[in-house]
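Spelled out, the chains give:
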Amino acid sequence: MTAGRPMPTQDDVLGYFDTLSNWGRWGDDDELGTLNHITDDVRLAAARAVRHGRSVSCAWEVAVPEEMERSTTTCPCAADMPGAENMPVPAFHNDRRWGFSSERLGITFHGNTLTHVDSPCHIFWDGTMYNGRSHSLVDAATGSAWAAVTAAANGIITRGVLLDIARVRDVPWLEPGQGVFPDDLEEAERRQGVRVRSGDAVLLRTGYGRFRHEAGEASGFTQAGWHASCLPWLRERGVALIGADTPQDVQPSGYEDVLMPVHAVSLVAMGLWLLDNCDLEVCATTAAELGQWDFQLAVAPVRFAGTSGSPVNPIATF
């Protein structure tokens, strides 16, 4: 898949921390990074992408696992309270027809299973976060005082563009370890009749969602995804958010000293927010049915103070 492609060297990729940097671009105190590309006009244009009124989820269902899931612990604990006598408020005690249920949730959302958004404080490089802040601003007790997910408290509402690379390559899914390159992105644009523009969220379909539905979750740390060579393309286009049906980076990355270059360069240098582990199968079939590959995308992170991301349910409305 790399034959004939100009491939950046490891030195080139390490250079991206400087050449693709957005530090100071929107001010020294900026925590939004590329979300600054989503202006009022961009949101209005995203609303005009709604032409059919059909909404679909781009997230996996969060279920109680039968056993420990790879990289993710999800432990919903339901507490059934069948009678009003269990209520702490005395006024309810006489209402014998009233009951309720409640849950306690423990979720490690980073990893390869749950659909979640990464904010810039999720990754450090040489002890530094986006916009030059020290990793010491992250405290084990209180979380991050810089570029946490609460920077996006007003939500991420923009135009989404689905680039279906598995469809372009005419395969059910990309095999683990296969990367997606800029020419793949442009071929998808050409075939789908859409062009990525400033402020867009780009969702990358490798077909892994189909594999996961049909065969179950893959094991190990080898996966299809964005190749590091896409990073200059994403900056040039002014992309605000990227998502994928995998945890973004192709693995192995092909670079001995940069395990996850898309995560590292995006979050630390570019301030480019990431949407990991989407389920893009219904989105893809809907786009193909309607002949429409752009839509309004709504992502609403939970306002967890000081956290480096949040579980989310991205909604695409065509």
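Criteria and thresholds
Residues numbered from 1 in each chain as written. Predicted model: local features only at pLDDT ≥ 70, side-chain atom pairs only at ≥ 80, totals over all residues. Heavy atoms only, no water. Phe/Tyr/Trp six-rings, centres within 6.5 Å; stacked < 30°, edge-to-face > 60°. Helix = DSSP H or I, 4+ residues; strand = E, 2+ residues; numbered from the N terminus. Buried < 20%, exposed > 50% of the residue type's maximum accessible area, 1.4 Å probe, protein only. Lys NZ or Arg CZ within 6 Å of the ring centre and 35° of its normal. 1 Å grid on protein atoms, 1.4 Å probe; cavity = no way out; pocket = protein on both sides within 12 Å on 5 of 7 lines; lining within 4 Å. Points joined across faces, edges and corners; volume = space filled by probe spheres on them. Nonpolar A, V, L, I, M, F, W, Y, C, P; charged D, E, K, R; others polar. Arc of directions from axis to C-beta. Contact = heavy atoms within 4.5 Å. Pairing = 2+ DSSP bridges. Axes fitted to C-alpha atoms, helices over the stretch in contact; angles between N-to-C directions. Right-handed = clockwise from strand over helix to strand, strands pointing away.

The chain carries the name Cyclase in an unreviewed UniProt entry, which gives Rugosimonospora africana as its organism.

Q: Describe the packing of aromatic side chains, listing the residues and the values that go with them.
A: Working definition: an aromatic ring pair is given by the centre-to-centre distance plus the angle between the planes. Under the definition given, this model contains four aromatic pairs. Between the aromatic rings of Trp173 and Phe211, the centroid separation amounts to 5.2 Å while the plane-to-plane angle is 80°, which identifies the pairing as edge-to-face. With Trp173 in the loop between α3 (165-168) and β8 (179-180) and Phe211 in helix α5 (residues 208-215), the pair connects residues that are 38 residues apart, well separated along the chain. Phe211 gets classed as partly exposed once you look at its relative accessible area, which sits at 23%. Each residue in the set Trp173, Tyr208 and Phe211 is aromatic and connected to the rest through ring pairs, giving one cluster. Looking at Arg133, its charged tip hangs above the ring of Trp146, at a distance of 3.9 Å from the centre.

Q: Describe the layout of surface pockets, with residues and values.
A: Of the pockets and cavities examined, the largest pocket occupies roughly 210 Å³. Every residue lining the largest pocket is counted, 17 residues in all, and those nearest its centre are Pro176, Tyr208, Ala218, Thr222 and Gln223. Counted by class, the lining of the largest pocket contains eight nonpolar, seven polar and two charged residues.

Q: How would you sum up helix α1 (residues 10-19)? Please name residues and give values.
A: The complete set of buried residues in α1 reads Val13, Tyr16 and Phe17. The arc that holds the buried residues of α1, viewed along the axis, is 105°, so those residues lie on one side. Set apart from the buried face of α1 by more than 90 degrees, the exposed residues are Asp11, Asp18 and Thr19. Buried residues along α1 sit in contact with α6 (231-237) and α7 (261-270).

Q: Explain the sheet that holds strand β12 (residues 273-276) to me, and be specific about the residues and the numbers.
A: Ordered by their spatial adjacency, nine strands build an open sheet running β1-β15-β13-β7-β9-β11-β12-β4-β14, and the pairing between neighbours is mixed. Two strands in the sheet have a free side with no partner beyond their single neighbour: β1 (55-57) and β14 (309-311). Mean inter-strand twist for the sheet, computed between neighbouring axes without regard to direction, equals 25°. When strand β7 (residues 156-164) meets strand β9 (residues 201-205), the two strands line up parallel, connected through five bridges. Bridging across to β9, Asp164 finds its partner in Arg205.

Q: Got a sec to walk through the pairing of β12? Specific residues and values, please.
A: Burial along β12 is two-sided: Trp273 and Leu275 facing one way and Leu274 and Asp276 facing the other are all buried. Two strands pair when backbone bridges link them, and strand β4 (residues 116-118) and β12 are joined in this way by three bridges, in the antiparallel orientation. Each residue of the ladder has a partner; that of Asp118, found in β12, is Leu274. Direction of pairing for strand β11 (residues 241-244) relative to β12: parallel, over a ladder of three bridges. Its bridge partner lying in β12, Leu241 is registered against Trp273. Note on the crossover from β11 through α7 to β12: the handedness is right-handed.

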